Every structure is written in structure tokens, then in C-alpha cells.
Amino acid sequence: MSEIDHLVANAAIYEERFDAGLPIPPKLQIAVLACMDSRLRIFGMLGLHEGDAHVIRNAGGIASDDAVRSLIISQRILGTREIIVIHHTDCGMERFTDEEISNQIERETGVRPPFAFGAFQGVDANVARTMDALRGSPFLPHREDIRGFVFEIETGHMREVLA
């Protein structure tokens, strides 16, 4: 049995207790932009429940075009008003450079990726960069309530980055 088969079986169990009555707009009017790292258990960490928030995740939790697109829809169509950015220590995005991975992919495939990967050095500085990018987006109507944090994988502590 594959891992996907296990997940599909779990979905069948979940179906039995599924609540179809949750409203589309998130109850807390908040969106979370976080790294996709599986060690970040966003709902448990923040005490969120289904229907409370939009959670947008990508490698590094960066303000990529797609993340901003999702946040635009979250704010303009679905009523969120605040954004919390969560990055973390020991992030894989600090273990390479965009140039290194692009070169590797080009060597292996003959095609250079047309996009940036968003590798970075220094998690606090990257949280600040992400918040600056979101605050600078003319497409997001609610930019005044954006806060950023670093989750410390080693201790479970989440600390705020003031920027």
C-alpha cells in the first residue's frame, strides 16, 4: 500500500465527521503565509481550527507571485484583513543558492528554470523582506496588519521579527 493509499483511507475516515457547514470566508479574517516545512504544524501551533484562517504555504514562506495572488483573493474576495508570516530556523532554503539549483537543473535537463527559487541566508532578514514585499504590494488592500515571526524548530518558541 502506498503512502497516497494511506492518505486516501484517512480521507474516508475524515468524511464521516466532516462539517460541510463551515463558511467560505475564514472566521478570524486572517491569512497565514508560512514555509511548507512539515515540522511546522500551523494549526496546532497557532491554536487554529478548520475554517479559522487561510493558510498559504510554499518553500520558505516567501511572497512569491503565487502567494501574493492567493493573498489578493483572500483579502479582496474572502474578507481577510490581517496577515501573519511564519518562517523557521533550520530552513532548507538556507542550504543552497538560486544559482546552484538553477545550474544543477540546467545540467540535468538542458533547461534553466525561468523562476527564482527564493533561497536566502538569514531567516530574520528574510521574514523582514517578506513583510516588506507584502506591505509594498499595491494589490493588497489591507497591508497595515502584517506581522512576521520565526518559529524556532529547536525549542518550539515563536518569536516576532519587528520590521
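Residues numbered from 1 in each chain as written. Predicted model: local features only at pLDDT ≥ 70, side-chain atom pairs only at ≥ 80, totals over all residues. Heavy atoms only, no water.

1. A short note on the overall build of the chain
Logical step 1: The helix and strand inventory of the chain stands at 5 helices and 5 strands.
Logical step 2: When its C-alpha atoms are laid out on the principal axes, the chain stretches across 50 × 50 × 35 Å.
Logical step 3: Expressed as a percentage of the 163 residues in the chain, the buried residues total 34%.
Logical step 4: Long-range pairs, those at least 24 residues apart, make up 65% of the contacts in the chain between residues at least 6 apart in sequence.
Logical step 5: For the chain, the distance from the average position of its 16 positive side-chain charges to the average position of its 25 negative side-chain charges is 5 Å. (Helix = DSSP H or I, 4+ residues; strand = E, 2+ residues; numbered from the N terminus. Buried < 20%, exposed > 50% of the residue type's maximum accessible area, 1.4 Å probe, protein only. Contact = heavy atoms within 4.5 Å. Lys, Arg positive; Asp, Glu negative; His and termini not counted. Charge placed at Lys NZ, Arg CZ, Asp CG, Glu CD.)

2. Section: the pairing of strand β1 (residues 30-35)
Logical step 1: By the criterion of burial, β1 is predominantly enclosed, with 6 of the 6 residues buried.
Logical step 2: Examined bridge by bridge, β1 and strand β2 (residues 53-58) share 6 bridges and lie parallel to one another. Each bridged residue has a counterpart across the sheet, and for A34 the counterpart in β2 is R57.
Logical step 3: Here β1 pairs with strand β3 (residues 82-88) via 5 bridges, running parallel. Bridged to L33 within β3 is V85. (Pairing = 2+ DSSP bridges.)

3. As for helix α5 (residues 123-135)
Logical step 1: With 13 residues, α5 extends 18 Å between its outermost C-alpha atoms, agreeing within 8% with the 18 Å of an ideal straight helix rising 1.5 Å per residue.
Logical step 2: Buried within α5 we find V123, N126, V127, A128, T130, M131 and L134.
Logical step 3: Taken together, the buried residues of α5 touch β1, α3 (65-76), β3, β4 (146-151) and β5 (158-161). (Expected span 1.5 Å × (residues − 1).)

4. Details of the nonpolar core
Logical step 1: V32, I42, L71, I83, I86 and L134 are the most contacted members of the largest nonpolar core, which has 32 residues in total.
Logical step 2: Put simply, the parts of the chain that give this core at least two residues each are β1, β2, α3, β3, α5 and β4.
Logical step 3: If you tally residues by element for this core, the top one is β1, at 6 residues.
Logical step 4: If near-sequence neighbours (up to four positions away) are discounted, I83 is found in contact with A31, L71, Q75, L134, L140, D145, I146 and R147. (Core = buried A, V, L, I, M, F, W, Y, C linked by side-chain atoms within 4.5 Å.)

5. Some thoughts on the environment of A11
Logical step 1: Looking at the element boundaries, A11 is found in helix α1 (residues 3-16).
Logical step 2: Taking the C-alpha atoms as reference points, A11 and R57, separated by 46 residues in sequence, lie 21 Å from one another.

6. Section: the sheet that holds β2
Logical step 1: In space, the 5 strands of this open sheet follow the order β2-β1-β3-β4-β5, with mixed pairing throughout. A strand with exactly one partner marks an edge of an open sheet, and here the two such strands are β2 and β5. Going across the sheet, the axis of each strand differs from the next one's by a mean of 25 degrees, ignoring polarity.
Logical step 2: Packing of α3 onto the sheet brings it into contact with β1, β2 and β3, and relative to β2 it is tilted by some 175 degrees.
Logical step 3: In the packing of α5 onto the sheet, the strands contacted are β1, β3, β4 and β5, and the crossing angle to β4 comes to about 160 degrees. (Axes fitted to C-alpha atoms, helices over the stretch in contact; angles between N-to-C directions.)

7. Regarding unusual backbone geometry
Logical step 1: Positive phi outside glycine occurs at Q29, with the angle close to 55 degrees.
Logical step 2: Structurally, Q29 can be placed in the loop between α1 and β1.
Logical step 3: Its identity is not glycine, yet D90 carries a phi of approximately 55 degrees, on the positive side.
Logical step 4: Note that D90 resides in the loop between β3 and α4 (98-109).

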